[in-house]
Amino acid sequence: MAKQVPTSRLARGTKLGAVAAGSMVRTQRARLSMRGRSEAVRARMAEESILRSTEQLVTVLGTMKGVAMKLGQMMSVLDLDLVPPDHRERFQKRLAVLRNAAPSVSFESMRAVIEEDYGRPLDAVFAEFEPEAIAAASIGQVYLARLHDGRQVAVKVQYPGIDAAVRADLKNLTMFRRVLQSAMPWVTPAVLDELRLNMESELDYHVEAETQRDIAALYAGHPFIVVPRPVLEHSTQRVLVTEYLAGTAFEDVRAMPRAERDRVGEIIYRFYVGSLFTFNEFCGDPHPGNVLLAEDGRVGFLDFGLFNRMDPEHVRFEAICLCAAAEDRGADLRDLMVQRGVIDSTDEIGVEECLEYVLSASEWCLVDQELTITPELASGAFLLAVDPRSSEFTGMKQQNLPPEHLFSRRADFLTFGMLGQLEATANWHRIAREWLYGDEPVTELGRIHREWLDRRRPRKRGRRRTG
């Protein structure tokens, strides 16, 4: 029988504590045994110690699901510099397991969840139901099924007990930080607070179904973006039923010719980042497991458990700041951040540090030139902006970004990371000018997208926040 997800706070905290203890012991042993060794031997021993502790961390993150797995997914997207370069490929393969893990909970257990939520047998709802999961997420597994009316659907089912597991993770966030910071020093209190605010909301699939309904309607008829529609009448708190969308997984897209990777990259950028500035809303969970290339050439987007609708004034503030940085108006940028409360230590942070900090994180879309985004470029920008180990921008890193902007910046970094995984090339600034300055599109996709926008009827959207 498949092993169940550990759900008690003690059990899950013990797993993480064991990783921390093991890492400290290995580090101590490595240091003690290094005395008298050559530099090359010491370097090799330190490297092996890092590899052992990091691989154990990946293993624990993968088996725990919940919040721990969400952090692992962030690691995998950004290709962070956690291990020596010679081992990067092997480590990334281990991290990929966290994105598309093979099913680890038996079908019998998952079937029990479905039937308990429906209050009736599985075959009363579905004419066909494949017992082998086709994908795995941080809190559930996805199955292929067919409704009695003939529609083929994807069925996302929560792991049994995952609600207790996530809540245990949330209580253990302080321990998570101590354990994870050796490998991920960017796991700051702000990051953990953001996870705390948003993870529990992912446990209600019925809310996610309603959100996905809205997004599918928003992008209905789009020429290159598709969001599968949910089947609301068959969606419950722990079971989410949507249209099934066949396509090529992100990992396979990475092996495609450059032109196709560039095309998919631009579409990903337009959906995850452009949606914020166009519609005042965005998906907060960009990662490869949520994207596929449909058979008709459109790019499909999945999973809307973490989704935000922002106050238009907050969106406008972000756009104005990006424009100020793009135009090297450092004094204006700093004034904006002081007025907004982003900077409160005004004596410590000068104009130059403020401008350089924003450029370190966002210059890739603020410089008017063609740029190929690499994994190193994406992870380097992220770590430079948030990693306390780097001496740059220490003043800015001590500032508290308001929660509404923290979520959008996380989505921006993760989108940047996905583009790095594709090694996509574009003049990202020229694309961004469409929503930052209202410029006419300069790419073919941009022109097609603008035509679609012009055909749509404007519709009022509320400020409801989910996720």
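Look up a bit, the structure's there.
Quick summary incoming for the structure in this document. (Residues numbered from 1 in each chain as written. Predicted model: local features only at pLDDT ≥ 70, side-chain atom pairs only at ≥ 80, totals over all residues. Heavy atoms only, no water.)

Next up on the list: the overall build of the chain. When its secondary structure is counted, the chain shows 20 helices and 13 strands. Across the 467 residues of the chain, 55% fall into the buried class. Residue pairs in contact within the chain that sit at least 24 positions apart in sequence constitute 73% of those at least 6 positions apart. For the chain, the exposed surface amounts to about 20,200 Å²; the carbon and sulfur share of it is 51%. (Helix = DSSP H or I, 4+ residues; strand = E, 2+ residues; numbered from the N terminus. Buried < 20%, exposed > 50% of the residue type's maximum accessible area, 1.4 Å probe, protein only. Contact = heavy atoms within 4.5 Å. Areas by Shrake-Rupley, 256 points an atom, 1.4 Å probe, with all protein chains shown as cover.)

What follows concerns the pattern of salt bridges. All told, the structure shown has 27 salt bridges when counted by the stated rule. Where Lys156 meets Glu208, a salt bridge forms, and the shortest distance between an N and an O atom there is 3.0 Å. Of this pair, Lys156 sits in strand E4 (residues 152-158) while Glu208 sits in helix H10 (residues 205-218); the two residues are 52 residues apart in sequence, bridging distant segments of the chain. A relative accessible area of 3% places Glu208 in the buried class. Here the salt bridges do not stand alone but share partners, grouping Arg213, Asp214, Glu281 and Arg309 into one network. (Salt bridge = Lys/Arg side-chain N within 4 Å of Asp/Glu carboxyl O.)

This structure, assessed with the given rule, holds 4 cavities of 30 Å³ or more. Here the largest cavity is characterised by a volume of approximately 80 Å³. Forming the walls of the largest cavity are 13 residues, and the residues nearest its centre are Tyr269, Val273, Leu322, Cys365 and Asp412. Of all elements in the fold, only helix H12 (258-279), helix H18 (403-422) and helix H19 (428-436) reach the threshold of two or more residues within the lining of the largest cavity. Classifying every residue of the lining of the largest cavity gives 10 nonpolar, 1 polar and 2 charged. (1 Å grid on protein atoms, 1.4 Å probe; cavity = no way out; pocket = protein on both sides within 12 Å on 5 of 7 lines; lining within 4 Å. Points joined across faces, edges and corners; volume = space filled by probe spheres on them. Nonpolar A, V, L, I, M, F, W, Y, C, P; charged D, E, K, R; others polar.)

Across its 12 residues, helix H20 (residues 444-455) extends 17 Å between first and last C-alpha, which sits within 8% of the 16 Å expected from 1.5 Å per residue. Inspection of H20 places Leu445, Gly446, His449, Arg450 and Trp452 among the buried residues, and these make up the whole buried set. In a view along the axis of H20, the buried residues occupy a sector of 160 degrees, so they form one face of it. Of the exposed residues in H20, the ones pointing more than 90 degrees away from its buried face are Asp454 and Arg455. Residues of H20 that are buried make contact with H10, H12 and H19. (Expected span 1.5 Å × (residues − 1). Arc of directions from axis to C-beta.)

Taking 1.5 Å per residue as the helical rise, helix H13 (residues 312-326) with its 15 residues ought to reach 21 Å, and the 21 Å between its terminal C-alpha atoms agrees with that figure. Taken residue by residue, H13 has Val315, Phe317, Glu318, Ala319, Cys321, Leu322, Cys323, Ala324 and Ala325 as its buried positions. By the N-cap criterion, in which a side-chain oxygen at the helix start approaches the backbone nitrogen of a residue two or three places on, H13 is capped by Asp311, the distance to Glu313 being 2.8 Å. Positive backbone phi, approximately 60 degrees, marks Asp328, located one or two places after H13. (Polar contact = N/O pair within 3.5 Å; in protein donor to acceptor, adjacent residues only side chain to side chain.)

A word on the packing of aromatic side chains. The final tally for this structure, using the stated rule, is 18 aromatic pairs. Centre to centre, the rings of Tyr219 and Trp452 are 5.7 Å apart; their planes meet at 5 degrees, and the pair counts as stacked. Placement of Tyr219 in the loop between H10 and strand E5 (225-226) and of Trp452 in helix H20 is noted, with a sequence separation of 233 residues between them. Neither residue differs from the other here; Tyr219 and Trp452 are each classed as buried. Taking the centre distance of 5.5 Å and the plane angle of 90 degrees together, the rings of Tyr269 and Trp428 count as edge-to-face. Here Trp428 lies in helix H19 and Tyr269 lies in helix H12, a separation of 159 residues in the sequence. (Phe/Tyr/Trp six-rings, centres within 6.5 Å; stacked < 30°, edge-to-face > 60°.)

Another point: a negative patch on the surface. On the surface, Asp328, Glu352, Glu356 and Glu363 cluster together to form a negatively charged patch. With respect to the helices and strands, the residue Glu356 is situated in helix H15 (residues 351-362). (Patch = residues over 30% accessible without salt bridge, like charges linked within 9 Å, V, L, I, M, F, W, Y side chains within 5 Å. Lys, Arg positive; Asp, Glu negative; His and termini not counted. Charge placed at Lys NZ, Arg CZ, Asp CG, Glu CD.)

Right, let's get into the packing of helix H14 (residues 330-340) against H15. Between H14 and H15, the shortest axis-to-axis distance is 8 Å and the interhelical angle comes to 85 degrees. On the basis of the axis angle, H14 is roughly perpendicular to H15. On H15, the residues touching Gly330, Ala331, Leu333, Arg334 and Met337 of H14 are Val351, Cys354, Leu355 and Val358. Here the residues of the contact of H14 with H15 sort into 7 nonpolar, 1 polar and 1 charged. (Axes fitted to C-alpha atoms, helices over the stretch in contact; angles between N-to-C directions. Parallel < 35°, antiparallel > 145°, perpendicular 65-115°, else oblique.)

As summarised here, the arrangement of the 4 strands in space is E5-E10-E9-E7, forming an open sheet in which the pairing is mixed. In the strand order of this sheet, the two ends are held by E5 and strand E7 (247-249), each with one partner. Where E7 meets strand E9 (residues 291-294), 3 bridges bridge the pair, whose relative direction is antiparallel. Residue pairing in the sheet places Ala249 in a bridge with Leu292 of E9. H12 rests against E5, E9 and strand E10 (299-301) of the sheet, and its axis sits at about 35 degrees to E10. (Pairing = 2+ DSSP bridges.)

Mapped onto the elements, Tyr244 comes out in the loop between strand E6 (239-243) and E7. Accessibility expressed as a relative area gives 32% for Tyr244, which makes it partly exposed. Measuring from C-alpha to C-alpha, the distance between Tyr244 and Ala145 comes to 8.7 Å, with 99 residues separating the pair along the chain. Aside from chain neighbours lying at most four places away, what touches Tyr244 is Ile134, Leu144, Gln152, Val153 and Ala154.

At a minimum axis separation of 9 Å, H13 and H14 run at an interaxial angle of 155 degrees. Of the possible angle classes, the one that applies to H13 and H14 is roughly antiparallel. Judged by the twist between their axes, the crossing of H13 over H14 is left-handed. On H14, the residues that touch His314, Phe317, Ile320, Cys321, Ala324 and Ala325 of H13 are Leu333, Leu336, Met337 and Arg340. (Left-handed = near helix turned anticlockwise from the far one by under 90°.)

The next subject is the nonpolar core. Core analysis: the largest hydrophobic core is formed by 67 residues, its most contacted members being Ile268, Tyr269, Phe271, Phe277, Phe301, Leu333 and Trp428. Looking at this core, the element that brings in the most residues is H12, giving 10 residues. Among the nonpolar cores identified, the runner-up in size contains 32 residues, and Val105, Tyr143, Leu240 and Val241 belong to it. (Core = buried A, V, L, I, M, F, W, Y, C linked by side-chain atoms within 4.5 Å.)

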